[in-house]
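These are the residues of each chain, in order.
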Amino acid sequence: MSTRQKTGRVRAGESKPDGAASVPQAASNRGQAARARRAPQTSQAAGLPQAAMGSGRAASDPGSATSREGAIPPTTPALQRPPRKNPVDRTRQPTLPPGLRSRTAMGLAAAAAEGRFALQRCARCDTVQYPPREVCVNCLSEHLHWRDISPKGRLLVSTTLHHSNDPYFRERLPWRTGTVQLDAGPMVVAHIHGECADGEAVRMALKLDRAGQAVMVALPPKPSEHMQDDKVIREMSSDPKFRRVLVTDGKCATGLAMVPALLAAGATQVFIGDPQPWRRSAAFEALLADSRVKAFDLDVTDGDSILKVAGAIGGKVDILVNTADHERDGGLMQFRDVNVARDMFDVKCLGLMRLAQVFGGAMCGRAADGVNSAVAWVNLFSIHAQANLPARGVWSAAHAGALSMSQSLRSEFRPAGLRVVHVFHGPLDHEWEQRTPPPRVAPAAVAKAVVQALRDGLEDIDVGDVAKELRERLADNPKALERELGVS
Ligand SMILES: [Zn+2]
């Protein structure tokens, strides 16, 4: 197909452009912006409810976040602790927002998964365009690159929808949407945070919705105390506040750090697994002084112990943080047999599988059950899951296997809208890496990053300088990295 033909197709598709079919639909460049001002586009198939923007019965719900130009936006009220669920009440079954996207539009999801605000920028004419397309709408160049751009913009107009034919949004009405003019050029239709006022500055973010797809969200320019409690953000995030969390190994360094971080983030309860009840740990016992913390004998290599714990709390776990690991030095030839290797794979790979088989179904069933629904599953990996470190070659392989399993789990959880978060860390400052030269990542830094990823609704994060550097080098030249790790 010639460039001209491609162009014709793109232009013809302006009202429902390729790739943007499901991103909050919007005019994308300067030319389109003018057209959009005259005739706002509707937002069907856009990850937004099917209600005409700017039509009929929107806008003025007295108690809603809708505001007139110049009005002082309301402050987000603090989320109150949800009451105990009445077992007779229905459990809301998971539904997903519209989730079809073109391959081109997946660039948005990649940015949203890491918490970046990236759009296509033309290498030839520098136009920033949205929705994503295969060619530049200004100069037809195919040299489009995903680049982080300024998230600043202005909310032109917003409306509160009280009707939707979409099953997902029907359950969540009223829902606020609006049109934002980005400083970078494009005009976008977005989900709107309650603290944003019409005509005022906003900060845009790409967030993953429950279908795992990227959507535009307009946030207030300055963070406020309870802004995370806003309905739109709560729906997109996996905030531990008022949720119950299971940390599978509470005795390892990351597990010990995870518990106070989760409690500080407002978790209602933290259940901690103890894989070695025979081993005394003062730090572990200190955690139990808090009445919100409860310990269980839990060994991820023992299916019976997992079943026993699930029998007690299986229906209560809203977030599962899998900290279980079995780290040992050595490549393939260091060991005389495969026993140590088997232990590493048993904990990291099969342990994950056993946990998913027992806890996964119950969590999926409660994934849409109100503001404290089951929401996320966090797996911790060494960054060497992505690039093998021969000095710990077998352990790296166990992490690589677990990463692959976790990608499968992510796909299996998707119909329920349950998020799987991958946390990649550099060498940890713990007993099994005492001889690893710095910089090493403090377990508390991992815990802090996990909580932040949950609050921001992220899917993929790197913690520590080593992990971040390896990620860049992996993208730049994986073969060179493989060679360098082999000689270190
Ligand atoms: Zn261009």
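Scroll up to find the structure.
In this text the structure is predicted, and so the values were computed from the model without any measurement. (Residues numbered from 1 in each chain as written. Predicted model: local features only at pLDDT ≥ 70, side-chain atom pairs only at ≥ 80, totals over all residues.)

Peer 1: Can you walk me through the overall build of the protein in this structure?
Peer 2: In terms of regular secondary structure, the protein is built from 13 helices and 15 strands. Relative to its 488 residues, the protein shows a buried fraction of 48%. (Helix = DSSP H or I, 4+ residues; strand = E, 2+ residues; numbered from the N terminus. Buried ≥ 20, exposed ≤ 12 C-beta atoms within 10 Å, placed from the backbone.)

Peer 1: Can you help me understand unusual backbone geometry in this one?
Peer 2: It is generally the case that most residues other than glycine have a negative phi and that most peptide bonds are trans. A cis amide bond, omega 5 degrees, links Y130 with the succeeding residue P131. Note on placement: P131 falls in the loop between β2 (128-129) and β3 (144-148). Cis peptide bonds are those with omega within 30 degrees of zero, and the linkage from L173 to P174 qualifies with -5 degrees. Mapped onto the fold, P174 is located in the loop between α4 (167-170) and β5 (175-182). You will see that L140, though not glycine, has its phi angle at about 70 degrees, which is positive. Tracing the backbone shows L140 in the loop between β2 and β3.

Peer 1: I would appreciate a short explanation of the sheet that holds strand β4 (residues 152-161) in the present structure.
Peer 2: Working definition: the strands of a sheet are paired by backbone hydrogen bonds and lie parallel or antiparallel to each other. The mixed closed barrel is built from 5 strands, whose spatial order is β4-β5-β6-β8-β7. Averaged over neighbouring strand pairs, the angle between their axes works out to 45 degrees when direction is ignored. Seen against the sheet, helix α3 (residues 106-114) touches β7 (201-208) and β8 (214-219) and runs at an angle of roughly 100 degrees to β7. (Pairing = 2+ DSSP bridges. Axes fitted to C-alpha atoms, helices over the stretch in contact; angles between N-to-C directions. Contact = placed C-beta atoms within 7 Å.)

Peer 1: Would you mind showing me how to read the nonpolar core here?
Peer 2: For soluble globular proteins, nonpolar side chains are generally found buried alongside one another. Membership of the largest hydrophobic core comes to 112 residues, with the highest contact counts inside it found for A218, V378, V423 and V450. Among the elements that make up this core, the one with the highest residue count is helix α9 (residues 339-365) (10 residues). When neighbours within four sequence positions are excluded, V450 is seen to be in contact with M258, V321, V378 and V423. (Core = buried A, V, L, I, M, F, W, Y, C linked by C-beta atoms within 7 Å.)

Peer 1: What's the story with α9 in this structure? I'm lost.
Peer 2: Residues that lie three or four places apart on an α-helix share one face, since the helix turns once every 3.6 residues. Compared with an ideal rise of 1.5 Å per residue, which puts 27 residues at 39 Å, α9 spans 37 Å between its outermost C-alpha atoms and is within 8% of the ideal. If you look at α9, its biggest bend is around 45 degrees, right at F359. Residues of α9 that are buried include every one of A341, M344, F345, V347, K348, C349, G351, L352, L355, A356, F359 and M363, and no others. Looking at the packing, one finds that the buried side of α9 touches α8 (303-313), β12 (319-322), β13 (376-382) and α10 (393-413). (Expected span 1.5 Å × (residues − 1). Bend = angle between axes of the 7 residues up to and from the residue.)

Peer 1: Is there a simple way to think about the sheet that holds β12 in this case?
Peer 2: If you trace the 7 strands from one edge of the open sheet to the other, you get β11-β10-β9-β12-β13-β14-β15, paired in parallel fashion. Lying at the two open borders of the sheet, with one neighbouring strand each, are β11 (293-297) and β15 (460-463). Across this sheet, the average inter-strand angle for adjacent strands is 20 degrees, counted without regard to direction. In this sheet, β13 lies alongside β12 in parallel orientation, the contact comprising 4 bridges. Each bridged residue has a counterpart across the sheet, and for I319 the counterpart in β13 is A376. Its contacts with the sheet place helix α11 (residues 443-456) against β12, β13, β14 (419-425) and β15, and it is angled at close to 150 degrees to β14.

Peer 1: I tried to follow the packing of α9 against α10 on my own but got confused; where do I start?
Peer 2: What describes two packed helices is the angle between their axes and the distance between those same axes. Their axes nearest at 8 Å, the elements α9 and α10 cross at an angle of 15 degrees. Taken together, the axes of α9 and α10 are roughly parallel relative to one another. In this structure, α9 meets α10 at a crossing whose hand is right-handed. Residues A341, M344, F345, K348, C349, L352, M353, A356 and C364 of α9 touch α10, and the partners they reach there are V394, W395, A398, H399, G401, A402, M405, S406, L409 and F413. In terms of residue class, the contact of α9 with α10 is made up of 15 nonpolar, 3 polar and 1 charged. (Parallel < 35°, antiparallel > 145°, perpendicular 65-115°, else oblique. Left-handed = near helix turned anticlockwise from the far one by under 90°. Nonpolar A, V, L, I, M, F, W, Y, C, P; charged D, E, K, R; others polar.)

Peer 1: Mind showing me how you'd approach the environment of L100 here?
Peer 2: Mapped onto the secondary structure, L100 falls in the loop between α2 (30-38) and α3. L100 sits 113 residues away from Q213 along the chain, and the two C-alpha atoms are 8.3 Å apart.

Peer 1: Looking at this model, I keep getting lost on the pairing of strand β1 (residues 118-122). Mind explaining?
Peer 2: Moving residue by residue along a regular strand, the side chains alternate between the two faces of the sheet. Along β1, 4 of the 5 residues are buried, which leaves the element largely enclosed by surrounding structure. As paired elements, β1 and β3 share 5 bridges and run antiparallel to each other. Directly across from A118, in β3, lies its bridge partner D148. Counted between consecutive antiparallel strands, the loop separating β1 from β2 contains 5 residues, among which D126 sits at a positive phi close to 70 degrees.

Peer 1: Please clarify how helix α6 (residues 253-264) should be interpreted in this entry.
Peer 2: Helix length check: α6 (12 residues) gives 18 Å between terminal C-alpha atoms against 16 Å at 1.5 Å per residue, within 8%. Among the 12 residues of α6, 9 are classified as buried, and the element is accordingly described as predominantly covered. The set of residues buried in α6 consists of A253, T254, G255, L256, A257, M258, V259, A261 and L262. Backbone geometry just downstream of α6 places G266 in the positive-phi region, at approximately 100 degrees.

Peer 1: Help me understand the packing of α6 against α11, please; the structure alone is not making it clear to me.
Peer 2: Where α6 meets α11, the axes come as close as 8 Å, and the angle between the chain directions of the two elements is 45 degrees. Taken together, the axes of α6 and α11 are oblique relative to one another. Two packed elements cross with a definite hand, and for α6 against α11 that hand is right-handed. Where α6 approaches α11, its residues A253, T254, L256, A257, M258, A261 and L262 are matched on the opposing element by P443, A444, V446, A447, K448, V450 and V451. For the contact of α6 with α11, the per-class residue count stands at 12 nonpolar, 1 polar and 1 charged.

Peer 1: Got a minute to help me understand the pairing of strand β9 (residues 244-247) in this structure?
Peer 2: Taking every second residue as pointing to the same face, both faces of β9 are buried, with R244 and L246 on one and V245 and V247 on the other. Both β9 and strand β10 (residues 269-274) contribute to a ladder of 4 bridges, which runs parallel. Within the sheet, the bridge partner assigned to L246 lies in β10 and is F271. Following the backbone out of β9, through α6 and into the adjacent parallel β10, one traces a crossover that is right-handed. With 3 bridges connecting them, β9 and β12 associate as parallel partners. Note that in β12 the partner of L246 across the bridge is L320. (Right-handed = clockwise from strand over helix to strand, strands pointing away.)

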